Amino acid sequence: MFLFLLFLLTALLTIVWIIYWTDLLFYWSDPMICPPSVFPWYTKDKYNEIFKDKPFENTENKFLVVGCGFSGISVSGSLTRNGIPFDVVESQEHIGGNWFSGVYETVHIISSKKTTELKDFPMPEDYPDFPSAKQMLNYFENYCKYFRINERLTLNCEVISLDKINDKFEVTFKFKKTNEIKKFIYKGVIINNGHHWDRRMPKYEGQDNFTGEIIHSKDYHHPKQLENKRVLVIGAGNSGCDVSVEAARFALSSDISMRRGYFFIPRTIMGIPIVELMKSWMPMFLQRLVFINLLRLTTGLNYSKVYHPNLQLPDHLLFEHHPTINSELLQFIKLGKIIPHHDVKRFLGDKKIEFNDGSIIEVDLVVFCTGYKTTIPLLDKFTKKTSEGYPQLFLTIGVPNIKYLYFMGIGQPRYGAGPLLTSASEMLARCIKEQDNVKYPIFDVLASVIGTHFPNAKRSNSKTNDILIDPHVIWKHTRIVTWLVGKSKLLETIGKTIVKLPFKLIDNKEN
């Protein structure tokens, strides 16, 4: 009898595992086939009733969305869809965030159209598999028109401070065109300032004595910046490889410094965008097995032997670091138009740079493609930080012990963010609507039952401090949490039993 019950339990667990991983139940969880939403979700009269107030009117009953980049646009769409009044502000003169101010004009996305688009507003059919920066901005503009976000948007408006006043939030704004400083009270705040703006700039011995030019990849916008210059790119992530290839085309010479080995993944295999070959039913070990063998067939993996002796072998498993997707770098190395080097040892003065292997080159321009710090100053007074420097946020979104204060967009998907933002934004909107039905902060309630899930690079299968996200897994998780939010009263009862809500795991600083 015992063996029979054990057999039944094993069979049941196997069936559940198959259902989960193959999307037989969560069929919508594949970011590439998620059905688009239909707008409007309520009548025009109802819409006009909900969103009757202009920006900065009756703010005590509204949410403030800070930032109108990729995350802020998605959150704004979800709030519109769920009938939650809000204002949205953007510190720049245009929407789009990093796609407006942080990319060069010839860039194209490295993930495909299908895995990048927001799933409540698919990209146009005539877009290529890898849209350009201009096409991405046009897409964002059309998204804002479709959801009427422009009616609630204020550009050139920076949030310079955020304070909690009783159960509301006092927000101080700077209007850049007039230099006016104004304060308004909001019911809640959703911060979407991104993590691709605070440049990470290494410091090497002798760097201050370099007589050439040093910039960060965020400051590279046009090939004219490279013309008639000998260029060294430091870093071989996606930006580093792109800028190095640009330099190979437009500069006098192109060198690239890599402190470790990388996997170089082509954009397409057999004409199919490589990210679309990653199926939702594939667990990590199977993804690695499939793609390692695909790389062996397409690029080869013995880079130092096949391409250049200075190319190091990867010291990590595939997907333990953010993948470098580039179809041209290895080709240009093979053509001799890009010369790879080991890590920089020091700057020798004038325009000379020495590498760890003792080789020396002379360059006019150094481009640091070294990533960004995760800096969220508006949250500093409300949260502590993890050992990796990330704010402690329940489920990476909710500020502990505080109602109606959230951050969206802290993780880095291995490819396209759009589908994840659609699902996470919908989850957040449902949490906001459900908050009025529970006593404690809704993310405290969720964390008390399913765990805190603070931002954690190690848990995300990363060997760096980057929080790498498997899009299929996180999509499933957000859909499940969205379903759980509808059971908030039951969760609150369970949470009070388990951890004795209110949640005291974190002793937040009060203001």
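Residues numbered from 1 in each chain as written. Predicted model: local features only at pLDDT ≥ 70, side-chain atom pairs only at ≥ 80, totals over all residues. Heavy atoms only, no water.

Now for the overall build of the protein chain. If you tally the helices and strands in the protein chain, you get 14 helices and 24 strands. Expected size for 511 residues packed as a compact globule is a radius of gyration near 24 Å; at 24 Å, the protein chain falls within 12% of this value. Principal axes of the C-alpha set define a box for the protein chain whose edges measure 75 × 65 × 50 Å. For the protein chain, buried positions account for 55% of its 511 residues. Here the analysis covers contacts within the protein chain between residues at least 6 apart in sequence; of these, 70% occur between residues at least 24 apart. Accessible surface for the protein chain amounts to roughly 23,100 Å². Of this, 56% is attributable to carbon and sulfur atoms. Considering the protein chain, the positive charge centre built from 62 side chains and the negative charge centre built from 53 side chains are found 3 Å apart. (Helix = DSSP H or I, 4+ residues; strand = E, 2+ residues; numbered from the N terminus. Rg over C-alpha atoms; globule rule 2.2 N^0.38 Å. Buried < 20%, exposed > 50% of the residue type's maximum accessible area, 1.4 Å probe, protein only. Contact = heavy atoms within 4.5 Å. Areas by Shrake-Rupley, 256 points an atom, 1.4 Å probe, with all protein chains shown as cover. Lys, Arg positive; Asp, Glu negative; His and termini not counted. Charge placed at Lys NZ, Arg CZ, Asp CG, Glu CD.)

Tracing the chain through its elements places Thr-115 in helix α5 (residues 113-116). Here Ser-112 takes part through its side chain, which lies 3.0 Å from a polar atom of the side chain of Thr-115. (Polar contact = N/O pair within 3.5 Å; in protein donor to acceptor, adjacent residues only side chain to side chain.)

Once that is clear, we can look at helix α7 (residues 238-250). Across its 13 residues, α7 extends 19 Å between first and last C-alpha, which sits within 8% of the 18 Å expected from 1.5 Å per residue. The set of residues buried in α7 consists of Asn-238, Gly-240, Cys-241, Asp-242, Val-243, Ser-244, Val-245, Glu-246, Ala-247 and Ala-248. Buried-residue contacts for α7 involve β10 (230-234), β11 (253-257), β12 (264-265), β15 (324-325), α10 (329-334) and β20 (365-368). (Expected span 1.5 Å × (residues − 1).)

Another point: the packing of aromatic side chains. One pass over the full model with this rule turns up 25 aromatic pairs. On the numbers, 6.3 Å between centres and 65° between planes, the contact of Phe-173 with Tyr-186 is edge-to-face. Residue Phe-173 is found in strand β5 (residues 168-175), and its partner Tyr-186 is found in strand β6 (residues 180-186); the two are separated by 13 residues along the sequence. For the pair Phe-173 and Tyr-186, a shared accessibility class is recorded, and that class is buried. Among the aromatic residues, those joined into a ring-pair cluster are Phe-70, Phe-121, Tyr-139, Phe-140, Tyr-143, Tyr-146 and Phe-147. Note that Lys-182 overlies the ring of Phe-175, its terminal NZ or CZ placed 5.6 Å from the centroid. (Phe/Tyr/Trp six-rings, centres within 6.5 Å; stacked < 30°, edge-to-face > 60°. Lys NZ or Arg CZ within 6 Å of the ring centre and 35° of its normal.)

With respect to the secondary-structure elements, Asp-53 resides in the loop between α2 (44-50) and β1 (63-66). Of the side chains bearing the opposite charge, Lys-52 lies closest to the buried Asp-53, which forms no salt bridge; the N-O distance is 4.4 Å. There is a polar contact of 2.8 Å between the side chain of Asp-53 and the side chain of Asn-58. Setting aside its immediate chain neighbours within four residues, Asp-53 contacts Asn-58 and Lys-62. (Salt bridge = Lys/Arg side-chain N within 4 Å of Asp/Glu carboxyl O.)

On the surface, Phe-2, Leu-3, Leu-6, Leu-9, Leu-12 and Leu-13 cluster together into a nonpolar patch covering about 670 Å² of accessible area. Tracing the backbone shows Leu-6 in helix α1 (residues 2-22). Exposure remark for Leu-6: the relative accessible area of 41% places this residue in the partly exposed category. (Patch = residues over 30% accessible without salt bridge, like charges linked within 9 Å, V, L, I, M, F, W, Y side chains within 5 Å.)

Turning our attention to the nonpolar core. As a rule of thumb, soluble globular proteins bury nonpolar side chains together. Core analysis: the biggest nonpolar cluster contains 137 residues, and Phe-173, Leu-405, Tyr-406 and Phe-443 have the highest contact counts within it. Excluding residues that lie within four positions of it along the chain, Leu-405 makes contacts with Leu-162, Phe-169, Val-189, Ile-191, Leu-379, Phe-382, Ile-397, Gly-398 and Val-399. Counting 12 residues, the second largest nonpolar core, distinct from the first, contains Leu-232, Val-344, Phe-355 and Ile-361. (Core = buried A, V, L, I, M, F, W, Y, C linked by side-chain atoms within 4.5 Å.)

The 5 strands lie next to each other as β3-β2-β1-β7-β22, forming an open sheet whose pairing is parallel. Bordering the open sheet on either side are β3 (153-154) and β22 (405-407), each of which pairs with just one other strand. Direction of pairing for β1 relative to strand β7 (residues 188-191): parallel, over a ladder of 4 bridges. By the bridge assignment, Val-65 is partnered in β7 with Ile-190. Packing of helix α11 (residues 418-435) onto the sheet brings it into contact with β1, β7 and β22, and relative to β22 it is tilted by some 175°. (Pairing = 2+ DSSP bridges. Axes fitted to C-alpha atoms, helices over the stretch in contact; angles between N-to-C directions.)

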